Structure formats: structure tokens, C-alpha cells
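A closer look at the structure
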Amino acid sequence: MAQKAKKDRAKANIASLNNLHVGTLSLNALFIFYNLLVARRSLVAWVIISIPCFIAEYILETTGRPTFDPTTKALKSSGEDLAAPGLTEYLFDIIWVTWCCLIAVVTFGNWGWIIWAAVPAYGLYKGSGLLGMARGMMGRNGAQIPEEQGAAQGNRKQRRAA
């Protein structure tokens, strides 16, 4: 059972990446067939909106895919944890929003592409929250200096009294 955690992560990454590729392939094929056979949708918008999805999928593939030794089939690297928070989550969010856009465009028409505006809007929301926290921390640091001096003086008086 050596390196059980790495083997488990490798299995989870392989399953996650395979599901990601199958989902992207099937939804894009559905969009193309729908566009060719049923109703025309904007192919230019599809290409522009799909580029970030394909880039995110490529990044997840290159960082998360486990590597094996070709001769012994032993696990060399389990890849990055695809369940990790942070940038990995954001890359998955980009892919899922693109999938939602594809379904919305097939269902409701070209106005479905507007769902993709949620990605930069969410980024602005998170960025403004970080900016607000930074401003708050800067303001508190300035206010804490006199309190610390006051507490130090109080401690001095208590030490003298004892």
C-alpha cells in the first residue's frame, strides 16, 4: 500500500479529466449538430466563448493528468489535486459556465451567450471584496498602534503597583 494517497489522487484525477473531456465533447457536438440541422446560432460567438474553456481544460489536463513509467507502468507523478480550492476551482467554473452557455444557446437562442458575463462579473465581485479587506486591514493597523501603546502603559502601571 505504498503511496496510497498518490494512487487515490491519480485515480480521482483520471476520472475527473475523462468526465470533463466527455462532457465538453458531447456538449460541443450537440451544439454543432443543432446549429447545422435545426437552427442557426452564432459560430463566431461559439468560437470566442469556447476558447477560454479549451484553455482551462488544457491547463487542467497538463497539470492534473498522472504520469506513469512506460516500461514498468509505475506511477511517476499523480498530478496536481484537481479537487483543490483556488485556481483549479476557477478553471472548472469557467468550463461549467461555458457548458451552461452552450445549453442555453441551444435552448433559448443566441442570447444564451450572455450567461458567460457571469465569469468576469464574479471576478470583479471577488476582487472588490479583496480590495475592501485590504483597505480595512490598513485602517485597523493604524488604529491599533495607539491601543497597543495604551495597553503597554497600563501594564507598566500594574507592574509598578505590584
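Rules and cut-offs
Residues numbered from 1 in each chain as written. Predicted model: local features only at pLDDT ≥ 70, side-chain atom pairs only at ≥ 80, totals over all residues. Heavy atoms only, no water. Helix = DSSP H or I, 4+ residues; strand = E, 2+ residues; numbered from the N terminus. Buried < 20%, exposed > 50% of the residue type's maximum accessible area, 1.4 Å probe, protein only. Contact = heavy atoms within 4.5 Å. Phe/Tyr/Trp six-rings, centres within 6.5 Å; stacked < 30°, edge-to-face > 60°. Core = buried A, V, L, I, M, F, W, Y, C linked by side-chain atoms within 4.5 Å. Polar contact = N/O pair within 3.5 Å; in protein donor to acceptor, adjacent residues only side chain to side chain. Patch = residues over 30% accessible without salt bridge, like charges linked within 9 Å, V, L, I, M, F, W, Y side chains within 5 Å. Areas by Shrake-Rupley, 256 points an atom, 1.4 Å probe, with all protein chains shown as cover. Salt bridge = Lys/Arg side-chain N within 4 Å of Asp/Glu carboxyl O. Expected span 1.5 Å × (residues − 1). Bend = angle between axes of the 7 residues up to and from the residue. Lys, Arg positive; Asp, Glu negative; His and termini not counted.

1. Digging into the environment of cysteine 101
In this fold, cysteine 101 is placed in helix 3 (residues 87-108). Among the residues examined, cysteine 101 registers a relative accessible area of 0% and is labelled buried. Separated by 13 residues in the primary sequence, cysteine 101 and isoleucine 114 have C-alpha atoms spaced 7.7 Å apart. The contact partners of cysteine 101, leaving out residues within four places of it in the chain, are Gly112, Trp113, Ile115 and Trp116.

2. Some points on the packing of aromatic side chains
Counted under the stated rule, the structure contains 4 aromatic pairs. Aromatic side chains phenylalanine 31 and tryptophan 113 sit 5.8 Å apart centroid to centroid with 70 degrees between the ring planes, which places their arrangement in the edge-to-face category. Residue phenylalanine 31 is located in helix 1 (residues 4-37), and its partner tryptophan 113 is located in the loop between helix 3 and helix 4 (118-161); the two are separated by 82 residues in the primary sequence. By relative accessible area, which is 0% here, phenylalanine 31 ends up buried. Judged by its relative accessible area of 9%, tryptophan 113 falls in the buried class.

3. Let's talk about the nonpolar core
Ranked by size, the top nonpolar core spans 24 residues in total, and within it Leu20, Phe31, Leu60, Ile95, Leu102, Trp113 and Trp116 carry the most contacts. Mapped by element, the contributors of at least two residues to this core are helix 1, helix 2 (43-64) and helix 3. A total of 10 residues in this core trace back to one element, the largest contributor, which is helix 3. Apart from the residues lying within four places of it in its own chain, the contact partners of tryptophan 113 are Phe31, Ser42, Ala45, Trp46, Ile49, Cys101, Leu102 and Val105.

4. Observations regarding the environment of threonine 72
By secondary structure assignment, the location of threonine 72 is in the loop between strand 1 (67-68) and strand 2 (75-77). Within the local environment of threonine 72, its side chain forms a polar contact with the side chain of aspartate 69, the two groups lying 2.9 Å apart.

5. A closer look at a nonpolar patch on the surface
A cluster of nonpolar side chains, contributed by Ile32, Phe33, Leu36, Leu37 and Val38, occupies part of the molecular surface with about 540 Å² of accessible area. Tracing the backbone through its elements, the reader meets phenylalanine 33 in helix 1. Residue phenylalanine 33 is classed as exposed on the basis of its relative accessible area, which comes to 53%.

6. Concerning helix 2
Because an α-helix packs 3.6 residues into every turn, residues spaced three or four apart end up facing the same way. Here helix 2 is 22 residues long and its end C-alpha atoms lie 30 Å apart, about the 32 Å a rise of 1.5 Å per residue gives. Maximal helix bending in helix 2 amounts to about 30 degrees, located at serine 50; proline proline 52 follows within four positions. Every buried residue of helix 2 is accounted for by Ala45, Trp46, Ile49, Ser50, Cys53, Ala56, Glu57, Leu60 and Gly64. Between a side-chain oxygen at the N-terminus of helix 2 and the backbone nitrogen of alanine 45 the separation is 3.1 Å; the capping residue is serine 42.

7. Regarding the pattern of salt bridges
Using the criterion set out here, one finds 2 salt bridges in the structure. When the shortest N-O distance is used, the salt bridge between aspartate 8 and lysine 4 registers 3.0 Å. Of this pair, aspartate 8 and lysine 4 both sit in helix 1, 4 residues apart, which is roughly one turn of that helix. The class for aspartate 8 is partly exposed, based on a relative accessible area of 38%.

8. Considerations on the side chain of asparagine 35
Position of asparagine 35 among the secondary structure elements: in helix 1. In this structure, asparagine 35 is in contact with Arg40, Arg41 and Leu43, ignoring residues within four places of it in sequence.

9. Here we look at the side chain of glutamate 57
Along the polypeptide, glutamate 57 turns up in helix 2. Of the side chains with opposite charge, arginine 65 lies nearest to the buried glutamate 57, which makes no salt bridge, at 8.2 Å. Separated by 2.5 Å, the side chains of glutamate 57 and histidine 21 make a polar contact. Discounting chain neighbours no more than four positions away, the residues touching glutamate 57 are Leu20, His21, Thr24 and Ile95.

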